[in-house]
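The chain contents come next:
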Amino acid sequence: MHQDPATGAWMVYRYADVVAASSDHGTYSSELWRAYPGEWGKGDTWGEGRLTEMDPPRHRLLRALISKAFTNRTVSGLVPEIEATVERLLDAVDGRPEIDLARDLADPLPVMVIAELIGLPFEDRELLRGWADRLLSFEAGELAGEELVTAIDQAGAELMAYLREHLRLRRADPKDDLFSRLATAEVEGERLTDEAVVNLGKLLLIGGHVTTACSLGSLAFELLGDPDALRAVRQDADLIPAAVEESVRYRPAVVNSLRLTTRDTELGGVPIPAGQFVSLSAISANHDERQFEAPERFDIHRRHNQHVGFGQGVHYCLGAPLARTEIRIALAALLRRYPVLERTDGPLQYYRNPSIAGLRSFPVAVSRG
Ligand code: HEM
């Protein structure tokens, strides 16, 4: 652990310390806006649906509401749609000797799946991808300063307006989709406000997109660099879930999570005062040799893989079952379709956001044999 002289944040690297802090939400708060009371003070209402920026007990209430609408059954119900979407995306580039695994498959897939989950019309999916891209436009490095802030604000406002209109339609005419269920779900007699449902929709679109895309890309990248592992998953598809898990350990898409200390405390023997930012490094924790044997080895047969790639504690990733399902289906379809899948010498592009690890462009040579 050390305090970063540039930002003042406490950087936490060991597995045991990351787990301890993530599990103690009383001391390590997710309500980061408290550090800026004037600016973000509005975050103090659970009705706004800002799940990731909320501590219990309000977090518990909201999470229970979402969990009622976003169950394992919801995920299993999406399987046929995920399979069809993967096939459609691969059909679109069929016949090419080289595909971009990130741009052609990993990036569009999660947006389409979340759109289906929320119940957005099929024909609006390109629109959604556009917003998701623009919200991440800082990645492209094309804009900076005020221009960038305006572009992101505008994309965010358009997306919110779109989701508000969609919610209005669903309230008038409920269907069997997440928005309809969120609109009517009740916990302890409480219902979500429109603003909360819309914010949750945005959170799912943003939180479930790049994370899943990066994880699928990372898994493919590791497998194509490891002929034994690739052969093993080709021969036995039952190994795929463990390979997915290992890649989330090995290269977690969300590199670190931030917390704010609510009181003077101590972590790994180091005192930390109240009101300090603490950065919990998932990527370091997942490579801690005190927890994982040979952590630098990508090992699809690894046992006891209690990684923190999906977080830990009350904010544990709500979309983990969906992400696992999407990645498993996409990989299985790739392996089925292409007996030949190889890395090329083409340039790799990574996300430039320091909290996100993954490929934005990943050229792969393919052949149907
Ligand atoms: C492999 C892909 C994914 C990774 C690596 C990932 C990672 C994470 C991590 C590390 C957290 C905890 C953040 C924290 O503690 O501050 C988190 C939370 C969350 N994730 Fe994911 N995620 C993935 C996919 C998804 C998907 C597909 C969805 C939904 C469609 C989703 C929705 C959420 C939500 C709603 C939360 C907040 C939970 C809460 O605050 O209680 N994630 N995710």
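Residues numbered from 1 in each chain as written. Predicted model: local features only at pLDDT ≥ 70, side-chain atom pairs only at ≥ 80, totals over all residues. Heavy atoms only, no water.

Peer 1: Would you take a moment to explain the sheet that holds strand β1 (residues 2-3) for this structure?
Peer 2: In a beta sheet, neighbouring strands pair by backbone hydrogen bonds and run either parallel or antiparallel. One open sheet accounts for five strands, arranged β1-β2-β10-β7-β3; its pairing is mixed. Looking at which strands have only one partner, the edges of the open sheet turn out to be β1 and β3 (28-29). Along the sheet, helix α1 (residues 15-23) contacts β2 (10-12), β3 and β10 (277-281); its crossing angle with β10, the most-contacted strand, is approximately 125°. (Pairing = 2+ DSSP bridges. Helix = DSSP H or I, 4+ residues; strand = E, 2+ residues; numbered from the N terminus. Contact = heavy atoms within 4.5 Å. Axes fitted to C-alpha atoms, helices over the stretch in contact; angles between N-to-C directions.)

Peer 1: Is there a simple way to think about the coordination of the iron atom of the ligand in this case?
Peer 2: Six octahedral donors around a metal ideally make angles of 90 or 180 degrees; four tetrahedral donors ideally make 109.5 degrees. Donor atoms from the protein around the iron atom of the ligand number only one, Cys-317 (SG), found at 2.3 Å. Tracing the sequence through the fold places Cys-317 in the loop between α14 (282-285) and α15 (320-337). (Donors = N, O, S within 2.8 Å, 3.2 Å for Na, K, Ca; no water.)

Peer 1: Whenever I open this one, the packing of aromatic side chains confuses me. Can you help?
Peer 2: Each aromatic ring pair is summarised here by two numbers: the centre-to-centre distance and the angle between the ring planes. Applying the stated rule across the entire model yields five aromatic pairs. When the centroid spacing of 5.6 Å and the interplanar angle of 90° are considered together, the rings of Tyr-15 and Phe-292 count as edge-to-face. Of the two residues, Tyr-15 is situated in helix α1 and Phe-292 in the loop between α14 and α15; the sequence distance between them amounts to 277 residues. Its relative accessible area of 11% is what places Tyr-15 among the buried residues. (Phe/Tyr/Trp six-rings, centres within 6.5 Å; stacked < 30°, edge-to-face > 60°. Buried < 20%, exposed > 50% of the residue type's maximum accessible area, 1.4 Å probe, protein only.)

Peer 1: Teacher, can you tell me more about the site of the ligand here?
Peer 2: Near the ligand there are 24 residues, and of these His-59, Arg-63, Arg-259, His-315 and Cys-317 occur at the shortest range. In this structure, an oxygen atom belonging to the ligand sits 2.7 Å away from a side-chain N or O atom of Arg-63. The separation between an oxygen atom of the ligand and a polar side-chain atom of Arg-259 is 2.7 Å. Those elements giving two or more residues to the shell around the ligand turn out to be α3 (58-69), α10 (194-207), α11 (210-224), β7 (256-261) and α15. A per-class count over the shell around the ligand returns ten nonpolar, twelve polar and two charged. (Near = heavy atom within 4 Å. Polar contact = N/O pair within 3.5 Å; in protein donor to acceptor, adjacent residues only side chain to side chain. Nonpolar A, V, L, I, M, F, W, Y, C, P; charged D, E, K, R; others polar.)

Peer 1: I keep staring at the packing of helix α6 (residues 108-118) against α15 and nothing clicks. Help me out?
Peer 2: How two helices pack is summed up by the angle between their axes together with the distance between the axes. Running from amino to carboxyl end, α6 crosses α15 at an angle of 130°, the nearest separation of the two axes being 11 Å. Regarding the angle of α6 to α15, the classification is oblique. Crossing geometry of α6 relative to α15 is assigned as right-handed. Counted together, Leu-109, Pro-110, Val-113 and Leu-117 of α6 and Leu-322, Glu-326 and Ala-330 of α15 form the full contact between these two elements. Partitioning the contact of α6 with α15 into residue classes produces six nonpolar, no polar and one charged. (Parallel < 35°, antiparallel > 145°, perpendicular 65-115°, else oblique. Left-handed = near helix turned anticlockwise from the far one by under 90°.)

Peer 1: Help me understand the pattern of salt bridges, please; the structure alone is not making it clear to me.
Peer 2: Between side chains of opposite charge, a pair can form as their charged atoms come close. Within this structure, the stated rule accounts for 28 salt bridges. The partner of Arg-129 in a salt bridge is Asp-107, and the shortest N-O contact between them spans 3.7 Å. With Arg-129 in helix α7 (residues 125-135) and Asp-107 in the loop between α5 (101-106) and α6, this pair connects stretches of sequence that are 22 residues apart. We classify Arg-129 as partly exposed; its relative accessible area is 23%. The exposure class assigned to Asp-107 is buried, which follows from its relative accessible area of 13%. Members of the salt-bridge network, linked through shared partners, are Glu-87, Asp-91, Asp-94, Arg-336, Arg-337 and Arg-368. (Salt bridge = Lys/Arg side-chain N within 4 Å of Asp/Glu carboxyl O.)

Honestly, that's just the spatial picture; any functional story needs more than this.
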